[in-house]
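# Coordinate analysis (summary)
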Amino acid sequence: MQEEDADLVIRSKQGDLFAFNRIVQRYESQVHNVAARIIGDRGAAEDVAQETFISAHRAIGRFRGGSLRAWLLRIASNQSYDHIRAARRRPEQPLDEAVLNRGNSLPSGETSPEQMALGRELRDEIQRAIASLPFDQRTALVLVDIQGLSYRETAEATSVSLGTVKSRLSRARHGVRDILLRHADILPEQFRQRR
């Protein structure tokens, strides 16, 4: 754990709300991004991120060390999974609509309208591919490939062994690749398989 994180945790355990707010400021974008990638809906991810920090604040006294980042992202992953389970019981909006309706910023510059449309279509297809993965594989992919956690941090965040993280990540990458190859027409030329 980073020295400053350790100090913030100690102060938070002593009831210092300013210290906990510094933890929130430091990790809120990472927590939000993990939730958004797992759920596939940036709006719902805001709620999940808020619930993550509420849970973390309540549980900070039980934090026993290790990576604060991994601990928070484990809570975010669990909150995301809870959200998905609850949404299945009471569906509000199909995941595909949530993905298609999220705010995408278009590239600027000399990009043609056709290139922008293909880029948007590719981003949407990637998100749909990630969202179609089983939860455990999706979580591993988001934590390692999108959030940049190490395998060890991901193992800690998901409470599984290092080998399990590697196998889930491998299956997730293959799953996304297979889905994207079915839509080769939207892939950049260098990623299309030669026949």
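Okay, so let's go over this structure. The residue numbers shown here count from 1 along each chain, following its written sequence. In keeping with the model being predicted, local features are shown solely for residues with a pLDDT of at least 70 and side-chain atom pairs are shown and tallied solely at 80 or more, while totals for entire chains, interfaces and linings include all residues. Values shown for side chains rest on all heavy atoms present in the structure; no hydrogens or waters enter the calculation.

### Considering the pattern of salt bridges
Only one rule defines a salt bridge in this text: a Lys or Arg side-chain nitrogen within 4 Å of an Asp or Glu carboxyl oxygen. All chains considered together, the criterion is met by 11 salt bridges. Taking the shortest distance from any N to any O, the salt bridge between Glu4 and Arg26 comes out at 2.8 Å. One end of the pair, Glu4, is in helix α1 (residues 3-13); the other, Arg26, is in helix α2 (residues 17-39), and 22 residues separate them in sequence. Here the term buried applies to any residue with accessible area under 20% of the maximum for its type, exposed to any over 50%, and partly exposed to those in between, with areas from a 1.4 Å probe on protein chains only. Accessibility expressed as a relative area gives 23% for Arg26, which makes it partly exposed. In this structure, a network of salt bridges that share partners links the residues Glu4, Asp5, Arg22 and Arg26. The numbering of helices and of strands both runs from the N terminus, where a helix is a DSSP run of H or I of at least 4 residues and a strand a run of E of at least 2.

### Focus: unusual backbone geometry
The phi angle of most residues is negative, glycine excepted, and most peptide bonds adopt the trans form. Although it is not a glycine, Ser159 adopts a positive phi angle of roughly 60°. Along the polypeptide, Ser159 turns up in the loop between α8 (151-158) and α9 (162-181). With a relative accessible area of 55%, Ser159 lands in the exposed category.

### Quick notes on helix α3 (residues 42-59)
Working note: α-helix, 3.6 residues per turn, so residues spaced by three or four point in the same direction. Given a helix with a known number of residues, its expected span is that number minus one, times 1.5 Å. For α3, with 18 residues, the first-to-last C-alpha span of 25 Å sits near the 26 Å given by 1.5 Å per residue. When α3 is considered as a whole, its buried residues turn out to be Ala44, Ala45, Val48, Ala49, Thr52, Phe53, Ala56 and Ala59.

### Brief notes about the packing of helix α7 (residues 135-146) against α9
For any two helices packed against each other, one specifies the crossing angle of their axes together with the interaxial distance. Where α7 contacts α9, the axes come no closer than 8 Å and their chain directions differ by 95°. Of the possible angle classes, the one that applies to α7 and α9 is roughly perpendicular. Of the residues in α9, those in contact with Asp136, Gln137, Ala140, Leu141, Val144 and Asp145 of α7 are Val165, Arg168, Leu169, Arg171, Ala172, Arg173 and Val176. Per-class residue counts for the contact of α7 with α9 are seven nonpolar, one polar and five charged. Helix axes use the C-alpha atoms of the stretch in contact, all axes being lines fitted to C-alpha atoms, and the angles between their N-to-C directions lie in the range 0 to 180 degrees. Any angle between 65 and 115 degrees counts as roughly perpendicular, while under 35 counts as roughly parallel, over 145 as roughly antiparallel, and the rest as oblique. The contact criterion used throughout is that any non-hydrogen atoms of two residues lie within 4.5 Å. Charged means Asp, Glu, Lys or Arg here, nonpolar means Ala, Val, Leu, Ile, Met, Phe, Trp, Tyr, Cys or Pro, and polar covers whatever is left, Gly included.

### Considerations on the environment of Leu149
Considering the arrangement of structural elements, one finds Leu149 in the loop between α7 and α8. When the C-alpha atoms of Leu149 and Ala70 are compared, they prove to be 8.0 Å apart, with 79 residues separating the residues in sequence. In this structure, Leu149 is in contact with Arg69, Leu73, Leu143, Val144, Thr154 and Ala157, ignoring residues within four places of it in sequence.

Purely geometric stuff here, so don't read any function into it on its own.
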